[in-house]
Number of protein chains: 2
Amino acid sequence: MTLPGVEGGRLWRRLMEMAEIGATPGGGVDRQALSEEEWHAWRKLIDWAAESGVQPFIDDAGNLFLRLRGEAGGELAPILIGSHLDSQPRGGRFDGVYGVLAAVEVLETLSSQMPKRSRDVIAVAWMNEEGSRFAPGMMGSEAFVGARGLEEIRQVRDATGISVGAALDEQLAAFSDVPRIAPGFAVHAYVEPHIEQGPLLERERLTIGTVTGIQGKRTYRISVLGEQGHAGTQVMRERRDALAVFTRLASLLHEEIGGYDAEVKFTIGWILVEPNAPSVVPERVTFSIDLRHPCNRTLALLGARLVALMKDAASPCAVSVEPLVDAPSNVFDPALQQLIAASAARRGYPSTCLLSAAGHDARHLAKHCPAAMIFIPCRDGVSHAEHEWAEPEHVTAGANVLLDTVVALLTSPEVAGLSNVTANPRSLS
Amino acid sequence: MTLPGVEGGRLWRRLMEMAEIGATPGGGVDRQALSEEEWHAWRKLIDWAAESGVQPFIDDAGNLFLRLRGEAGGELAPILIGSHLDSQPRGGRFDGVYGVLAAVEVLETLSSQMPKRSRDVIAVAWMNEEGSRFAPGMMGSEAFVGARGLEEIRQVRDATGISVGAALDEQLAAFSDVPRIAPGFAVHAYVEPHIEQGPLLERERLTIGTVTGIQGKRTYRISVLGEQGHAGTQVMRERRDALAVFTRLASLLHEEIGGYDAEVKFTIGWILVEPNAPSVVPERVTFSIDLRHPCNRTLALLGARLVALMKDAASPCAVSVEPLVDAPSNVFDPALQQLIAASAARRGYPSTCLLSAAGHDARHLAKHCPAAMIFIPCRDGVSHAEHEWAEPEHVTAGANVLLDTVVALLTSPEVAGLSNVTANPRSLS
C-alpha cells in the first residue's frame, strides 16, 4: 500500500515560517534549547498539528510529542518519528526542524489519506540535541531512553549560569495546558529524517540516503603541564614550554592519527593556553581531541595509540589525558533500512546507503527500539551554518519516504526481522 | 674619591615598605602603571626625598624626577639614575622599584657625604615600563627620548577601555603641587640598577653584573587562515584545518629557530583559536612570536628564516605575518661599563660582564645619552613573580656601585671615552 504522498508545498512553507523564529541577519536561525524561540516553535507546531486532530503531550525532560491515535489505542507500542527544533547559535533552516516538520506532515497525511491505522503514530521534538547552550547535547533522547538521569541533566548550566532544571521548569510551566508524563515509553520503531550534513548525496546526485549507522566517536581533554618562564631570559635548554610540547604532540597526532586511513576524522578544535601572554613561556596547554571512525575496532585502536603517543612524546612536560565521550558506532535496524530503501526505489528517488558522520538522537533511540534514519542532501554538505540549504524537492522526497516507512510499519503486523531492543518498558496509556 | 657608602638598612626598609603598596596575598606586588598604587608610591618617594632637600618635578609623560642640585645649576647636563615603580599584575618586590629606591638612596648619600657637587643628579621613575596594563611598555622612556610621540601613547587603552591619556591626566592632576615640564632634556649619563631577571650571577656566586647591552628582540603576530568545518562529517583530505597547520608550523619553528644556537630565545606565548569549539575544525589561529638574540646579524637571519619557513609550509592554509617590534640589540657605553666594573673591584664585590636578556628603559635612554646598567642577582633567576627575591647585601652592593659611578662622573670633568649621543637636546633649566 502506497499513499499518494505528503503536501510538499505546505511542508516547505512551514520550514520557512519556522525559520522566522530566531531568524539571524545572515539568513540562518538562532533557536537554542529551552529558549523563548523554542517556546514559540513549540506553540506553532502544536497549533499546526491540532488542525488534523493530532494531540500534544510533553515529558519531564522537555520532549514534545504530537500523537495521532490509532485503533489499538495504548495496546500496541506507537511508531515514533521526528528530530529536534533547537539550533546552533548560528544555525540553519533545516538541521533538526526538518525532521520534526516532516513527521508532523506525515501525521497529517496519514490522518487524511489513511483513516484506518492500527498503532499510534507520534511525532517528537527532542530537547537540546545541539548542546550549544547546554553541553553536551541529546539530553532529551538520553533521558527518554534512560541513558542519563534527568536529575544529572538538570544540573547542567549554560554560560550565564542558568541550569537546565530552571529553564526546563519555566518552559514546562508555560505549557501547563499540555498533558505531561514521565520520560520513556515503549516504542515500536523510531525513524528520524535529517539533512545529511555531508557532501556525499549531493556529489552523487542522490535524493535519499538510507543511514546504516552513526560513526563512533571518542573525545578527550588533554592537559600538558610545563613551567612558566620569561621569554627574554630563560635559556631554551632549561625550558619546560607547554606550548612547544603541545605543538609537537599535536603535529604528530595530526599525522599519525589523522592520516591513519580515509575514514578517520581527527580534530583538535579547542585550546586553552595559560597564562597566554606573548612574553611568557606557557605553563599549561589544555586541549580537546575529537576522534571518529565508523569501525569500532579501529576507533579503539586509534584511541589507545593517541594516548600512548602523547605519553611517549611529552617530555619535558607532564601530560594528563581525560577521556570524555566514548560512543561506539552503532548499526541501525536492518529491516527498517530495507523499508526506507524500498520506498525510495518505488517512488523513483535515486538513493544509497551511507553512514552518518554526525551524531543524532537516533543513536540513543537505537538502544531502546528498532531505529533508523533517512537523509536528504544539503548544499555543499554544509550544516551548522546560516547558509545551510536543502532543495524543496528533496525535502518532499524525504517526507514521502518517511510516510511510506510508517505506512509499511502500520500495515505489516510484524515487519520481517524488525529487532526488538526494548526490555519491557512501560506502555503509553 | 670613594665615599663610605649608602645606608643599606634604610634602603632595605624602604623596599619592604614600598612592597606594602599593592601587596598581593602571595607576598608579591600589584602596582601597575598609572594606578592608585603607583600614586601612593610616588607620594612616598617624594616625601622620602624631601628629607634630604631633594626636589620633585614631573613631565607630561608621567615620568617622576627627584633632583639633587649641583653647583653648576642648569649649566651642566644632569646625571640621571633610576628605573620604574610599576609592576606586573603579580609582580615582585624588586623589579623596577629597586632601581628607583637605590637612586634616591644615592641622592641622600651624596647630599650627606659629598657636599660639593658640580652637576645635578636626578633620580627618575619612568612611566609604564612593564606594559602589563597598557601595552607595550617603556612608554615613559620612549616619550622622554622622543622614540614615540606622546599623543600616540595617550591613545593606548587598558582592558577596561581607559586610555593612557585619561589615566595620565588624572595622575598629573593629583600631583598639581609638583612642577611639571614637557618630556625630554639633555642628560650627561644614565645609569639604571636592576635585578638580573636571570640565573647567571647567582649561579656564579657574583654580586655585580656590568651590563654590556640588551639582546635584540623581534616580535610578530601571525595568522593562519583555513576553513571552518564539522569535526564529524568533513573528511580529512578536504580540510583546511588552521590548527593542524599551526601546530605543524610551530613545531617546525621551535625546532629550527628555537634550536638554532645556545643564545637564541624563541617563544610562542599567546594563541587565539577561532571558533575554538571541540567539534569544529578551526578556521583561524592567530599567535605571537617573541624572538631574541644578542647578535643582530643572527636575529635578522632568524627573523627572515622564520617568515620563509612559515610561508613555505602553510599549505593548505594561508599565512600572514605582521612584524610588531624590531629592537636590535644595543651596546651600553663602554666608559660607563668601565666605571661600574672598577667600583665593584674596588669594593671587593665579585662581578662579571653580562648581556641583559630582558628589555629595560635603558634601551631607550641609550639613544639619548651614554647609558649603562648595574645588575644584582635574584633568587633562582626569577622575576615577574610574587616570590621574586634579592638578598639585602646585594641590594646594598648595587647601590654602592651606583654611588661610586655617579661620584666618578661628578669628579671627572670628562670621563675618558664617554660617548655623547644627544644631538643638542634642550637643557633643563
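Residues numbered from 1 in each chain as written. Chains lettered and ligands numbered in written order. Predicted model: local features only at pLDDT ≥ 70, side-chain atom pairs only at ≥ 80, totals over all residues. Heavy atoms only, no water.

Visitor: What should I look at first to understand the overall build of chain A in this one?
Guide: On a plain count of helices and strands, chain A comes out with 12 helices and 17 strands. For chain A, the spread of C-alpha atoms along the three principal axes comes to 80 × 45 × 45 Å. By the burial criterion, 61% of the 429 residues in chain A qualify as buried. Counting contacts in chain A only where the partners sit at least 6 residues apart, residues at least 24 apart contribute 80% of the total. For chain A, the exposed surface amounts to about 15800 Å²; the carbon and sulfur share of it is 50%. On chain A, the mean spot of the 39 positive side-chain charges and the mean spot of the 53 negative ones are 2 Å from each other. (Helix = DSSP H or I, 4+ residues; strand = E, 2+ residues; numbered from the N terminus. Buried < 20%, exposed > 50% of the residue type's maximum accessible area, 1.4 Å probe, protein only. Contact = heavy atoms within 4.5 Å. Areas by Shrake-Rupley, 256 points an atom, 1.4 Å probe, with all protein chains shown as cover. Lys, Arg positive; Asp, Glu negative; His and termini not counted. Charge placed at Lys NZ, Arg CZ, Asp CG, Glu CD.)

Visitor: Could you clarify how one ought to interpret the pattern of salt bridges in this entry?
Guide: A pair can form between side chains of opposite charge whenever their charged atoms are brought close. All names here are of chain A. In the structure shown here, the tally under the stated rule is 43 salt bridges over all chains. For the salt bridge of Arg10 with Glu105, the shortest nitrogen-to-oxygen distance reads 2.8 Å. With a gap of 95 residues between them, Arg10 in helix α1 (residues 8–18) and Glu105 in helix α3 (residues 97–113) connect regions that are remote in the sequence. Across this residue pair, the class does not change: Arg10 and Glu105 are buried. (Salt bridge = Lys/Arg side-chain N within 4 Å of Asp/Glu carboxyl O.)

Visitor: Would you mind showing me how to read the domain arrangement of chain A here?
Guide: Interface size is often expressed as the accessible area that is lost when the parts come together. Residues and elements named next belong to chain A. Domain assignment breaks chain A into domain 1 (8–215 + 330–411) and domain 2 (216–327). Just the C-alpha atoms count here: the centres of domain 1 and domain 2 sit 36 Å apart. Each partner contributes to the interface: domain 1 provides 7 residues, whereas domain 2 provides 8 residues. Across the domain 1 to domain 2 interface the summed buried area is about 470 Å²; carbon plus sulfur atoms make up 50%. Considering only the surface of domain 1 that becomes buried against domain 2, Gln215, Ala357 and Arg363 emerge as the three largest contributors, covering 79% of it. Taken together, the connections running from domain 1 to domain 2 amount to 0 salt bridges. Between domain 1 and domain 2 we count 1 residue pair in polar contact (both at pLDDT 80 or more) in total. In terms of residue class, the side of domain 1 that touches domain 2 is made up of 4 nonpolar, 2 polar and 1 charged. (Domains from an automatic or database assignment. Buried area = accessible area lost by both parts, 1.4 Å probe. Polar contact = N/O pair within 3.5 Å; in protein donor to acceptor, adjacent residues only side chain to side chain. Nonpolar A, V, L, I, M, F, W, Y, C, P; charged D, E, K, R; others polar.)

Visitor: Would you explain the relation of the copies chain B and chain A in this entry?
Guide: Here the second copy of the chain follows from the first by a rotation about an axis and a shift along it. Mapping chain B onto chain A calls for a screw motion: a turn of 180 degrees about the axis and a shift of 0.1 Å along it, with 0.1 Å RMSD after fitting. Taken together, the turn and the small shift mark the pair as related by a two-fold rotation axis. Closest approach to the rotation axis among the C-alpha atoms of chain B is made by B:Thr247, whose C-alpha sits 2.3 Å away. An overlap of 100% is found between the interface residues of chain B and their copies at the interface of chain A, pointing to a shared contact surface. (Least-squares fit on C-alpha atoms with pLDDT ≥ 70 in both.)

Visitor: What's the story with the side chain of B:Asn330 in this structure? I'm lost.
Guide: By secondary structure assignment, the location of B:Asn330 is in strand β15 (residues 330–331). B:Asn330 has contacts with B:Thr212, B:Gly213, B:Ile214, B:Arg363 and B:Ala366, leaving out every residue within four places of it along the chain.

Visitor: When you look at the packing of aromatic side chains in this model, what are you seeing that I'm missing?
Guide: Centre-to-centre distance and the angle between the planes together describe a pair of aromatic rings. Residue and element names in this part refer to chain A. Summed over the entire model, instances satisfying the criterion amount to 26 aromatic pairs over all chains. An angle of 50 degrees between the planes, with centres 6.1 Å apart, marks the rings of Phe57 and Phe185 as tilted. Taken together, the residues span a long stretch of sequence, with Phe57 in strand β1 (residues 55–59) and Phe185 in the loop between β5 (180–181) and β6 (189–195) at a distance of 128 residues. We classify Phe185 as buried; its relative accessible area is 0%. If you follow Arg221 out to its NZ or CZ, it ends over the ring of Trp270, 4.7 Å from the centre. (Phe/Tyr/Trp six-rings, centres within 6.5 Å; stacked < 30°, edge-to-face > 60°. Lys NZ or Arg CZ within 6 Å of the ring centre and 35° of its normal.)

Visitor: How should the interface of chain B and chain A be read in this particular structure?
Guide: Taken together, the contacts link 46 residues of chain B with 46 residues of chain A. Across the interface of chain B and chain A, roughly 3600 Å² is buried in total on both sides, 55% from carbon and sulfur atoms. Where chain B packs against chain A, one counts 2 salt bridges. Note that A:Glu238 and B:Arg203 form a salt bridge whose closest N and O atoms lie 3.2 Å from each other. Where chain B touches chain A, the interface holds 14 residue pairs in polar contact (both at pLDDT 80 or more). The set of elements that each furnish at least two residues to the side of chain B that touches chain A consists of α8 (242–256), β10 (265–267), β11 (271–274), β12 (280–281) and β13 (284–293) of chain B. For the side of chain B that touches chain A, the element with the highest residue contribution is α8(B), accounting for 8 residues.

Visitor: When you look at unusual backbone geometry in this model, what are you seeing that I'm missing?
Guide: For residues other than glycine, phi is negative in most cases, and the peptide bonds are mostly trans. Residue and element names in this part refer to chain A. That bond from Ser315 to Pro316 is cis: its omega, 5 degrees, falls within 30 degrees of zero. When you line up the elements, Pro316 lands in the loop between α9 (296–313) and β14 (318–327). For Leu34, which is not glycine, the phi torsion reads 60 degrees and is therefore positive. As for its placement among the helices and strands, Leu34 is situated in the loop between α1 and α2 (36–50). Residue Leu34 is classed as buried on the basis of its relative accessible area of 5%. For His384, which is not a glycine, the phi torsion comes out positive at approximately 55 degrees. Given a relative accessible area of 26%, His384 falls into the partly exposed group.

Visitor: When you look at the packing of helix α2 (residues 36–50) of chain B against helix α6 (residues 164–174) of chain B in this model, what are you seeing that I'm missing?
Guide: Each pair of packed helices gets described by two things: the angle between the helix axes and the distance between those axes. Residues and elements named next belong to chain B. At a minimum axis separation of 11 Å, α2 and α6 run at an interaxial angle of 30 degrees. As summarised for this structure, α2 and α6 are arranged roughly parallel, according to the angle between their axes. The crossing of α2 and α6 is right-handed. Facing α2, whose interface residues are Glu38, Trp39, Trp42 and Arg43, α6 presents Glu170, Gln171 and Ala174. (Axes fitted to C-alpha atoms, helices over the stretch in contact; angles between N-to-C directions. Parallel < 35°, antiparallel > 145°, perpendicular 65-115°, else oblique. Left-handed = near helix turned anticlockwise from the far one by under 90°.)

Visitor: When you look at helix α10 (residues 334–346) of chain B in this model, what are you seeing that I'm missing?
Guide: All names here are of chain B. Taking 1.5 Å as the rise per residue, α10 with 13 residues should run 18 Å; its terminal C-alpha atoms sit 18 Å apart, in good agreement. By the burial criterion, the buried members of α10 are Ala335, Leu336, Gln337, Leu339, Ile340, Ser343 and Ala344. The elements touched by buried residues of α10 are β6 (189–195), β7 (208–214), β15, β16 (351–356), β17 (371–376) and α12 (392–411). N-cap assignment for α10: the residue whose side-chain oxygen lies 3.1 Å from the backbone N of Ala335 is Asp333. Immediately beyond the C-terminal end of α10, within one or two residues, lies Gly348, with a positive phi of roughly 75 degrees. (Expected span 1.5 Å × (residues − 1).)

Visitor: Where do I start with the environment of B:Arg426 in this structure?
Guide: All names here are of chain B. In this fold, Arg426 is placed in the segment after α12. With 239 residues separating them along the chain, Arg426 and Val187 place their C-alpha atoms 9.5 Å apart. With sequence-adjacent residues up to four places away left out, Arg426 is seen in contact with Ile181, Ala182, Pro183, Gly184, Phe185 and Ala186.

Visitor: Help me understand helix α10 (residues 334–347) of chain A, please; the structure alone is not making it clear to me.
Guide: Helical periodicity: at 3.6 residues per turn, an α-helix aligns residues three or four positions apart in one direction. The end-to-end C-alpha separation of α10(A) is 20 Å, in line with the 20 Å expected for 14 residues at 1.5 Å each. Lining the buried residues of α10(A) we find β6, β7 (208–214), β15 (330–331), β16 (351–356), β17 (371–376) and α12 (392–411) of chain A.

Visitor: Sorry, what's going on with the nonpolar core here?
Guide: Nonpolar side chains in soluble globular proteins tend to end up buried together. Grouped together as the largest cluster of nonpolar side chains are 101 residues, with contacts concentrated most on A:Leu45, A:Leu80, A:Ile81 and A:Leu110. By size, the runner-up hydrophobic cluster in this structure holds 100 residues, among which are B:Val54, B:Phe94, B:Val211 and B:Leu339. (Core = buried A, V, L, I, M, F, W, Y, C linked by side-chain atoms within 4.5 Å.)

Visitor: What am I meant to see in the pairing of β7(B) here?
Guide: Looking down a regular strand, the side chains alternate between one sheet face and the other. All names here are of chain B. In terms of burial, β7 is largely enclosed, as 6 of its 7 residues are buried. In this structure, β7 lies alongside β16, joined through 6 bridges in parallel fashion. Following the sheet pairing, Val211 is matched in β16 by Leu354. Strand direction decides the pairing type here: β7 and β17, joined by 3 bridges, are antiparallel. When the sheet's bridge partners are listed, Thr210 is paired in β17 with Ile374. As paired strands, β7 and β15 are joined by 2 bridges and run antiparallel to one another. By the bridge assignment for β15, Gly213 is matched with Val331. (Pairing = 2+ DSSP bridges.)

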